[in-house]
Amino acid sequence: MTVTAVEKNADDLTMSLTAEFDASPERVWQLWADPRQLERWWGPPTYPATVTSHDLRPGGRIDYHMTGPEGDQVHGYWLVDEADPPRSVVFRDGFANDDGTPNPDLPDTTGRVRIEGIGEGRTRMSIESVFPSAEAMEQLIAMGMEDGLTQAVSQIDAILAEERVRS
Amino acid sequence: MQTAAPAFDRVFAALADATRRDIVRRAIDGEEGVAELADHYPMSFAAVQKHVAVLERAGLITKQRIGRRKVVRTHVEGLRAAQRLLDRYEQLWRGRISRMTDLITDTKERKK
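We now turn to the structure provided with this report. Everything quoted here is computed from the prediction, not taken from an experiment.

About the thresholds
- Residues numbered from 1 in each chain as written.
- Chains lettered and ligands numbered in written order.
- Predicted model: local features only at pLDDT ≥ 70, side-chain atom pairs only at ≥ 80, totals over all residues.
- Heavy atoms only, no water.
- Helix = DSSP H or I, 4+ residues; strand = E, 2+ residues; numbered from the N terminus.
- Buried < 20%, exposed > 50% of the residue type's maximum accessible area, 1.4 Å probe, protein only.
- Contact = heavy atoms within 4.5 Å.
- Areas by Shrake-Rupley, 256 points an atom, 1.4 Å probe, with all protein chains shown as cover.
- Core = buried A, V, L, I, M, F, W, Y, C linked by side-chain atoms within 4.5 Å.
- Pairing = 2+ DSSP bridges.
- Axes fitted to C-alpha atoms, helices over the stretch in contact; angles between N-to-C directions.
- Parallel < 35°, antiparallel > 145°, perpendicular 65-115°, else oblique.

## Section: the overall build of chain A
Move 1: When helices and strands are counted, chain A shows four helices and eight strands.
Move 2: From first element to last, N terminus to C terminus, chain A shows the α and β order β-β-α-α-β-β-β-β-β-β-α-α.
Move 3: Taking all 167 residues of chain A together, 45% fall into the buried category.
Move 4: For chain A, contacts bridging at least 24 residues in sequence account for 39% of all contacts bridging at least 6.
Move 5: Split by element, the accessible area of chain A, about 8200 Å² in all, is 48% carbon and sulfur.

## With respect to the nonpolar core
Move 1: In this structure, Trp32, Trp41, Trp42 and Met125 of chain A together with Trp93 and Ile97 of chain B are the most contacted members of the largest nonpolar core, which totals 40 residues.
Move 2: In terms of residue count, helix α5 (residues 76-111) of chain B provides more of this core than any other element does, seven residues in total.
Move 3: Excluding anything up to four places from it in sequence, Trp32 of chain A contacts Leu38, Trp41, His54, Leu56, Trp78, Phe91, Val113, Ile115, Met125 and Ile127 of chain A together with Trp93 and Met100 of chain B.
Move 4: Grouped together as the second largest cluster of nonpolar side chains are 17 residues, Val11, Leu37, Val48 and Val72 of chain B included.

## Here's the deal with the sheet that holds strand β3 (residues 49-54) of chain A
Residue and element names in this part refer to chain A.
Move 1: Strands sit in the order β1-β2-β8-β7-β6-β5-β4-β3 across an open sheet of eight strands; the sheet is antiparallel. Across the chains shown, the open sheet's two edge strands, defined by having one partner strand only, are β1 (3-9) and β3. Going from strand to strand, the sheet's axes swing by 20° on average, the running direction of each strand aside.
Move 2: Inspection of the sheet shows strand β6 (residues 88-96) paired to strand β7 (residues 109-119) by six bridges, in the antiparallel sense. Its bridge partner lying in β7, Val89 is registered against Val113.

## Quick notes on the packing of helix α2 (residues 18-26) of chain B against helix α4 (residues 45-57) of chain B
Residue and element names in this part refer to chain B.
Move 1: Orientation of α2 relative to α4, taken along the N-to-C sense of each, is 75°, at an axis distance of 10 Å. The pairing of α2 with α4 is recorded here as roughly perpendicular in orientation. Only Val48, His51, Val52, Val54 and Leu55 of α4 make contact with α2, whose side of the interface consists of Thr19, Arg20, Ile23 and Val24.

## Regarding the environment of Gly68 of chain A
Residue and element names in this part refer to chain A.
Move 1: Of note, Gly68 is situated in the loop between β4 (61-67) and β5 (73-84).
Move 2: Since its relative accessible area comes to 8%, Gly68 is described here as buried.
Move 3: Separated by 21 residues in sequence, Gly68 and Tyr47 have C-alpha atoms that sit 4.6 Å apart.
Move 4: Other than its neighbours up to four places away in sequence, Gly68 contacts Thr46 and Tyr47.

## Digging into the pairing of β5 of chain A
All names here are of chain A.
Move 1: Pairing between β4 and β5: seven bridges, direction antiparallel. In the strand pairing of β5, Arg61 is matched with Leu79.
Move 2: Counted between consecutive antiparallel strands, the loop separating β4 from β5 contains five residues, among which Gly71 sits at a positive phi close to 85°.
Move 3: One ladder, built from nine bridges, connects β5 with β6; its direction is antiparallel. Looking at the pairing, Glu82 lines up with Val90 of β6.

Shown next as structure tokens:
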């Protein structure tokens, strides 16, 4: 696996995760900066994401929705606080109503992303997620975040199969 | 013994204090009462008693009667429930990272 470290801190409600990729920082940055690539990894397999607007610059905004197996849609948005290609992004990830306006009833999380080259064509990416409260964390997880996780493996299989068809 | 599902804000608030975390660790053996626990810390019996009360309300410890004594015992399930929340969030991100890895592999393969 490419995930090299995970640190969960129950006291200050943060989770930090570090991963390494066999690619340049610029390539890893594209996973965030290209909306077509972003939508291929953001949503869990049962709730694939569609990015409808994408402005990854300080003060910018990204709108997306995820579509569930019953055709149900969950709308969300990011407010970009910092973006320094190809090094870092800080964004608030919130839930939106169907018309895209923020839904204040559901909690948002803050994500801090750092991307750095570590030599030999490899790149380290770290993500720190901060929850506003334990209740918020519980609510987010209860909302079916885990739903698609068990199927992450089948998603990988699907991508690999697609790759075989193309080549 | 019936214990209600822990309220997570209470659990995390209870665990935010170093002394309370230490009490939870010690009470896993469940052999000491509040007075014996208090001997481990440079603070008053009343202060330790307060910490124990916070942990008890959070569902992280219980007091059990053994003969004539009352011992403090960690409610391991309460502790696990708190950890499980973070575990599930970790799984979400692990899923994302593996999809990222696949995408990177995907573009490399196509270039070949």
